[in-house]
Every structure is written in C-alpha cells, then in structure tokens.
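# Structure at a glance
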Amino acid sequence: MKELKAKQRNLLRELIQKHKEACDYLEIRLEQSAESGLVFSGKELESLTQKQEQGGYVRALIKGGWGEASFNDLSQIESYVQQAIQSAKRIGKGTSQLASVNGVEDDVALDLKEDPRTLALEEKVKLFSNYNQQILKADPLITSSRVGYFDQHKILWIANSFGTNIVQEKLDLAGRMTAIATNGKNSQAYGTTFGSSNNFGVTRNLEKQVTKACADAVELVKAPKVKGGSYPVVIDPILTGVFAHEAFGHLSEGDNVYESEQMKQVMKLGTEFGRPILNIFDTGLTTGSRAYMKYDDEGVPTEETPLIKEGKLVGRLHSLETAGKMKEKPTGSARAMSYKFPPICRMRNTCIGPGTSSFEEMIKDIELGVYAVETNGGQTNGEIFAFVASKGYMIRNGQIAEMVRDVSLSGNVFETLKKIDAIGSDYTVRDAAGGCGKGGQWPLPTAESGPHIRIESAVVGGV
Amino acid sequence: MKKIIQKALKKGADQAELFVIESKDQGVLFENGTLKKIEGSQSQGGALRVLRNGKLGFATTTDFDSEDSLIDQAIAASEFGSPFKFDFAPNAEFKELIPFDPQIETFDEEQMLNIGSQAISHMKAYDANILSSCSIGKSIQTISVVTSNGCEESYDRSYFGFSLSGQLVEPGNFLENYDGIEQTRIDFDLGSYLSSVIQPFRQGRKNISISSGKYQVILTPRALSGLFLALEQGLNGNNVAKGISPLKDKHSQKVLDERINLYADGTLKGTASYAPFDDEGTPSQKNILFQNGVLKNYLLDLQSAEKLNMYPSGNAMRRNRLYMNRDYLELPSPSINSWVMDGGARQFDEIFLDVKEAVLVDQIMGLLMSCQVNGDFSGTISLGYHVKDGQVTGRVKDCMIAGNIYDLLSEVHLQEISQDQRWILGAHGGTHMLPTLFLKDIFLSTK
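Residues numbered from 1 in each chain as written. Chains lettered and ligands numbered in written order. Predicted model: local features only at pLDDT ≥ 70, side-chain atom pairs only at ≥ 80, totals over all residues. Heavy atoms only, no water.

Helix and strand counts for chain B come out as 10 helices and 20 strands. Its C-alpha atoms give chain B a radius of gyration of 23 Å, near enough to 22 Å, the size a compact globule of 447 residues would have. Expressed along its principal axes, the backbone C-alpha trace of chain B runs to roughly 70 × 55 × 35 Å. Taken over 447 residues, chain B has a buried fraction of 62%. Taking the contacts inside chain B whose residues are at least 6 apart along the sequence as the reference set, 72% of them involve residues at least 24 apart. Averaging the locations of the 43 positively and 56 negatively charged side chains of chain B gives two centres separated by 4 Å. (Helix = DSSP H or I, 4+ residues; strand = E, 2+ residues; numbered from the N terminus. Rg over C-alpha atoms; globule rule 2.2 N^0.38 Å. Buried < 20%, exposed > 50% of the residue type's maximum accessible area, 1.4 Å probe, protein only. Contact = heavy atoms within 4.5 Å. Lys, Arg positive; Asp, Glu negative; His and termini not counted. Charge placed at Lys NZ, Arg CZ, Asp CG, Glu CD.)

See the structure below:
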C-alpha cells in the first residue's frame, strides 16, 4: 500500500506540473475504496456485500470556466486531464476568482482504536445477528427487524496547482438497528444508530440501546397520532443537531450565497439570526466522528467554523471558489462524496452550542406542547425546514405526558431560529447511519450535535 | 462476461448473475445565470450475485482486471446468507424495445450550450431578479445481464436530461421552482418547461395565510408522485412477502376508488424507463397495479415473486435510494420505473373553474422521511397556492399536509381526476405520467 500511495502521488505531481501552465487552477483526485456491508431483515440475512471501487476526478479552471472529468479507467488519466482543460478553455471567458491557499504536502495515516478490517466477515455477521435476534425476541408485538451495517476504507489522493499533494486514508463505519412493531393495521419502527471514523468498538455492547429501541417501538405502535397544529416544542439533543443542520447549516453553505445579491443581503455577516443565547458552529475537528477530517477534498485544512455567535451571523462554509468570490477565507468545507463528484460546500459536524437551562426548566411553563425525540431525517429548501421526529410526547401542564407518533415539524428557518428561547446544558455529539444529500451527492457522512432546546412555536403535522 | 460466470461456477457457485453498466456522459451546467462548466465522465461497474446452497453473495467492482477477487468476495459473502429459493433469469424472449435514439451521437456540446443559453436568457428576460440554473446532459450506456441460467442480454441506451430551476429571494420570501425531463429520446419542447418553471413566479409572490382545518386539496402530478412513495412501499413485493404491507392479502380486491387505474410501465417508447428488460434480466412490461381500484399486481423482482408464488413483473431495479439514479452498487429490488395513471372525464381547466375554495399543492417536502409502509405520510407544503372561485389568490406557506395514501385514493377523499396527464420528473426520481387529483376534506395544519 505504501508503494501505491507514493506511486500515485508522484503521478499526480508530474501531471499537475506538466499541465498547470494551461490553467488558472488544476486539481486531480484519485480514490480507491473497499466496503463491506450487511443487512438483516426479519430473520433473514438479506444481503452481505463487498464493494471495490477506483476512479478519479479532474477539475480545470480557465478564465472562470470549469472543465471537469470523472473516470474509473485509471490507465487513461492524462487524457481526462486534457479533456478537462479543453472543456474549460472552451467556455472560460471571464476571470477566475479562487481563494489562494498555500500548498500542503502530507501523508495522513489512519489512527484507529479498533480496525474493522482485522475482523473476519463471520465475526461481523455474528455480532449483528445477535442484535437482530435480540430485537426479534424482545416482544410479541415486534414482527420484524432491520439491522444494517457497513464499513468503508478509502485511500484518497489530491493534488492541485497550489502545490498541494496529499494522500489520506479514511475509515467510515455506521449502522442502524431497527425494531418494527405491528398492532393490527398499524406498524411502527424505532431504531438505534451508531457511527465512527476510528473505532469498530462503537458497534459493541449496544444491548441496552437495542432493548430501549424495542420498548419504544412497542409503545409507539400503541400511541395515538399527534394532533396537527402549532405548539411550543422542546426537542432533544439529537433533533437539535438535525435542526442545526437543516434549519441553518444549509443556508450557511457559501454556494447558496456567493452569486446571489439577494442572498448576500439576507446572509450579511453581523445580521441578527437569533437571541444572544444562540451559538452555532460547524467543525471537522471532532476526532472519531464520521464528520472528522484533516483536509477537505480541495486539500484545505479543516477547522471549526463559527457560524452564529451570540445570535449574530459570523461565518459561512466555503470552498475555494465561494471564498474567492466573496473575498472570505476558505473553511475546509469543500467535500465530495466520491471520485464521481466535484467538491462542493458541505457541512461537517454542525452544532448548536450548549446553554444553561435544565430540561425541567424548559418544560415547566408549557401548558400544552410537544416534546420531540430523535429523528428519521430532515430536509430544507432554504427558507422552510421540515423534519420527522422518531417519537414524541405531549407536554401537559409542565409535565411530560403521553407518547404520540407521526410527529413532523416544520417552520420558517428565520422565524424559528429567533423563537429558540431556551438552550440546555446537556450538549451531546451524535454520529449516526445515513448522511446528507445535496447536488446528487448522498449519503455524505456528517454529524450533528447539540443540547435540548425549546422553540416557542412550530407547526406540527397531523390529522 | 460469460467467462466470469463460468469461473464463478467453477469456484463453487450453484448459480451466478453478472450485471454490467458502462457509461459515457457529457453535460453542461449553467449556474446562477452564467455558464459554469462542461463535464464529461466515463464509468464502468459490475455487480456479481452468486447463489450457493441457496445462499446469496454480492460483490461489485469497477476494475474487471481483478475478476478473481470479485468472484472470491461474492463467494465469501455467500457463506453466511440466509437460504433463498429463487433462480436468476433464464433465457427469455424479449420484445423489440430499443431505448436508443441515434440522434444522440450527433447531439453535441454546442447544442447543449444553445439550449442552456436560451433557457437562461428566457428566465432573465422574464425577471432579472430570478437566479436561474440549468443543466443539459447526455449519456450513452450499455447495460448487460448474463446469468448461468442462459440469460445473456445487453442493450444500448441513450439518455437525455434537462433541468431548469429558478430562485427568487425577496424580503421574507424565498421562491424556488424547477422542472425538467429525463428520457431516452432527444427531442423535447423547451417552451413548455420555460413556462412551467416561471409559473410560480407569476402566481406565488403574494402570500396568503390560512388557518388549520379541512380543505379541498388539488394535487398536481408532481405532488402526487411524491405521495406515491407511500404507495410504492405497500406495492413493493418484498414488503408484501414480509407481511408488513397493508396490501398483503388484498390481491384481486377493491382497495382504491374505482376510477383509479394505475400502472408501472417500462414499455413506453422514448421515456426514461423504456428498456427491453429490468436489472435482473426480466422482460419489461406494462404492469397493471390497480384496475378500477382493484389490486391486480405488485412490484416484483425475482426473489419476491418466488416467495409469493407469482411472476416477476419487470420491476427489479438497482438504484441509489435517495436520488433514484441507476447504480450497480445497489442490489436489485422491486421499484417503480414509471407511474402511469389514467385520466378522468374532465379537463383540469374545467374542473378548476368550479373550485370554490381549495389549496393547490405542487411540492411537498419531507416525504422521504415520513412515508411509511402502512401508507401514512406527513410533509410540508413547500410550494402551494390558495384557490378561490377558480382563481389562484396567492401562495400558501407554513402549512403541513398529513394523511394516509390509501384514504386519499378512496371514495372518502377522491373527488375527481383530471383528464389531462403530464410527464413529470418525479419528486423522488424517475419520470411519471400522472393526472391532477381533486380531493376533499383534507386536514392541513398551519401556524
């Protein structure tokens, strides 16, 4: 592997050297990956898969025009470099505006607590088979299960005309274990999830979490649907993270702003987005998280980027291009899901910083409200966010009351951020299966973190 | 390819199946009103499934020089699988369906740039404040399925994609819309997409607030394609076989309103899902799902068909679960190719004129997370309008719709189906031919 790493680095160095004069910017990425995955569905081991991929992506920038090529026939790499340059030449008619960075040379090795590649396939199957059995035996109302796991090892090379030449090894692993309970015509699922970039150990000793997910599925299938309407809402740390991601994170991605005069007004640094208790940041530095990385996919060192500080907008997530055009600093947020895609502005671990409230303080004044817990995912179109909680509880007279199902929350991003009126001190980092989708690139591993928060009012979908 | 199958058998597989997709793509992208990039890609990938002692193993690769490792990995994976009883595709008769438009060869960057420039200038001319983006692309693909049971088939596919979007940001108001098409033929009518993308900018700049309650709801083809995610889960042969679909024991029974005729159709010439066979080598067909509201069939791949003792329906697809594009990295599973639904008696315009008060829903956000196998869904209306006396009065925001797809499509809620249908880019991938539905008594939650 060491030889391969060095060989490809040299190849990229030569290609960049040879062709960089023709371009304002030239970048070549290569990737080699191996993945194992398994899915139990009910009693069956539905699939056990092994995947190997290799390929590359070239981007050339000439006079503001990009020429790009992706390929997996590595023997023809130079022809794709030429193709990208030709394409860029053809459309470049303006000026290239790219943030300038210092070239970086690095060889980033893995630093693992437990390496999934040292385990035989059989051991992984056995581990997850045990969890699957545990779910299926947990309760008579549990009729099925879904247990999924994957691990992926990647070697990534990136070289560009700033002089950057990096090879990085990366590990990504994640999974979800879901219990499906059926009661008459209704069925409901509840799961527990995990993820890591440095430790297979996170998959062990999850029996307690699995037991709890089973109990939740059984309770949920008997629970009534939430009644739709507008409520004060308290959300748990996991949903808070998703809220930070959907309601604000996407808006702070530089490519949503950099070419729109209207958006530049909306997203002007210093604008008040929330009350002084609100702090939001996005970081690539969370060791062990699925969102951890030393460099982004443009070879820029990653960082912790403050986005909202004491309620005011202070930053955004940039690629070289968006930073260049906005005359701001790149933030190490340009990410590509694989060699098939270009790097674009993406989140890493998006967090709402801790506050000072306790959970009891948050709910004690709510006469009728909803406590929404964990998540089945979220979505945004910039102005409106929507997410689905895994379960909910009514809050009645300052107390947590009955469980309710089908809790979806929606609201206007700008209004809702200002309606956050209490932030808990119980900050939690969360890694989960799944990932973020944007521009055809999904699932990109991200993480979300935060404490409990209270929103004065949000629309809850229901019937 | 045959060599890999034979080698797999020699290494211990009882049956083997190789799916290979090779693709050459070209495209141009206009972003925020300017020409941004030209891109090209070359890709090849293969997926091998083996059955050994009834156990299934799956492996994929992009590098066919390492075929031994592909085979070894698939065989290794088949050590642990659960026993399945099904066979890979046999040698079968295929209808002469050729999803290849020869014009694709000469459809070049110049033409793509031309279409894009026209689209962008049209948007700018309508309103310079609307930021528009447009992508045009083509692809030439070869898709092959070879099995140890005698299936040895391959077809070339041309593919043309166009999408256009516009975004307007005004104080307190974001308005976005998109439209486009994916198809195997090249020709298309740019004009119809231009007017479709612009429509909300004509009608949706004024916001109307409504209170929570029951409304008449008009679902456009695009909104309907989103809600059909819930229906697809119920029709999915795997969910039926597992016993978790509400349709599991409803075959040949009336489930929906008798005006509903719904198909999954892979035989419509020129459309994106037009192909001689599916991703397991089963011949494409017009799969009748509901006829006069009666459940006639499910979406079935080889495995679920075997379990249910039915015939595979040509609906096995290998696709990315979020973007629904074809992906050899995924195992085949029952999936919708194109929803096709019959229209009703009256034209949309005629029915619309009779509307007293309604909410017209065109885009719903959050369905991917909320749709459940039991048919329940819940989502945020991200593009919708208030309608009064046959006229759009403005845009409705901060409004959620929730319910159950089987109820929506029953006599309880279904009022009328428009006669006119339209090919649309599905809210969650694919292209579909759907009418507009007029529904009554739908509960909407608002702030």
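Residues and elements named next belong to chain B. By the assigned domains, chain B splits into domain 1 (2-203) and domain 2 (206-447). For domain 1 and domain 2, the distance between their C-alpha centroids amounts to 22 Å. Taken together, the contact between domain 1 and domain 2 spans 52 residues of the former and 43 residues of the latter. Counting the surface lost from both domain 1 and domain 2, the interface buries some 3900 Å², and carbon and sulfur atoms represent 58% of this. Sorting the residues of domain 1 by area buried against domain 2 places L97, Y178 and Q203 first, and these three jointly supply 17% of that buried surface. At the boundary of domain 1 with domain 2, the tally comes to 3 salt bridges. A salt bridge links R422 to D179, with the shortest nitrogen-to-oxygen separation between them at 2.6 Å. Those elements giving two or more residues to the side of domain 1 that touches domain 2 turn out to be β1 (15-31), β2 (34-52), β3 (55-61), β4 (131-147), β5 (152-170), β6 (173-183) and α4 (190-203). Among the elements that line the side of domain 1 that touches domain 2, the one with the most residues is β6, at 11 residues. In terms of residue class, the side of domain 1 that touches domain 2 is made up of 24 nonpolar, 15 polar and 13 charged. (Domains from an automatic or database assignment. Buried area = accessible area lost by both parts, 1.4 Å probe. Salt bridge = Lys/Arg side-chain N within 4 Å of Asp/Glu carboxyl O. Nonpolar A, V, L, I, M, F, W, Y, C, P; charged D, E, K, R; others polar.)

Turning to the packing of aromatic side chains, a few remarks are in order. Tallied over the entire structure, the rule returns 28 aromatic pairs over all chains. Each ring, one from F128(A) and one from F194(A), has its centre 6.0 Å from the other, and the planes form 20°; the classification is stacked. Highlighted residues: F128(A) in helix α3 (residues 121-137) and F194(A) in strand β7 (residues 186-196), separated in sequence by 66 residues. When its relative accessible area of 5% is taken as the criterion, F194(A) is described as buried. Just above the ring of Y178(B) sits the side chain of R222(B); from NZ or CZ to the centre is 4.5 Å. We note K286(B) situated over the ring of Y263(B); from NZ or CZ to the ring centre the distance is 4.2 Å. (Phe/Tyr/Trp six-rings, centres within 6.5 Å; stacked < 30°, edge-to-face > 60°. Lys NZ or Arg CZ within 6 Å of the ring centre and 35° of its normal.)

Glancing now at the interface of chain A and chain B. Opposite the 86 residues of chain A that make contact, chain B presents 72 residues. Taken together, both faces of the contact between chain A and chain B bury some 6300 Å²; the carbon and sulfur share is 52%. Looking only at chain A, the three residues that lose the most surface to chain B are Q52(A), Q262(A) and W442(A), adding up to 11% of its buried area. Where chain A touches chain B, the interface holds 10 salt bridges. Close ionic contact of E68(A) with K37(B) constitutes a salt bridge, the shortest N to O distance being 2.9 Å. For the side of chain A that touches chain B, the element with the highest residue contribution is strand β2 (residues 44-62) of chain A, accounting for 12 residues. Counted by class, the side of chain A that touches chain B contains 27 nonpolar, 38 polar and 21 charged residues. Looking at chain direction, strand β3 (residues 65-71) of chain A and β2(B) are connected through 5 bridges and run parallel. Directly across from A69(A), in β2(B), lies its bridge partner G40(B). (Pairing = 2+ DSSP bridges.)

Another point: the pattern of salt bridges. The final tally for this structure, using the stated rule, is 64 salt bridges over all chains. The residue D107(A) makes a salt bridge to K5(A) at a minimum N-O spacing of 3.8 Å. Within this pair, whereas D107(A) is found in strand β4 (residues 105-108), its partner K5(A) is found in helix α1 (residues 2-19), the two being separated by 102 residues in sequence. A relative accessible area of 41% places D107(A) in the partly exposed class. By relative accessible area, which is 8% here, K5(A) ends up buried. Where E253(A) meets K438(A), a salt bridge forms, and the shortest distance between an N and an O atom there is 2.9 Å. Of this pair, E253(A) sits in the loop between α5 (237-249) and α6 (261-266) while K438(A) sits in strand β21 (residues 436-438), placing them 185 residues apart in sequence. Its relative accessible area of 0% is what places E253(A) among the buried residues. One salt-bridge network, held together by shared partners, links K3(B), K7(B), K11(B), E67(B), D68(B) and D72(B).

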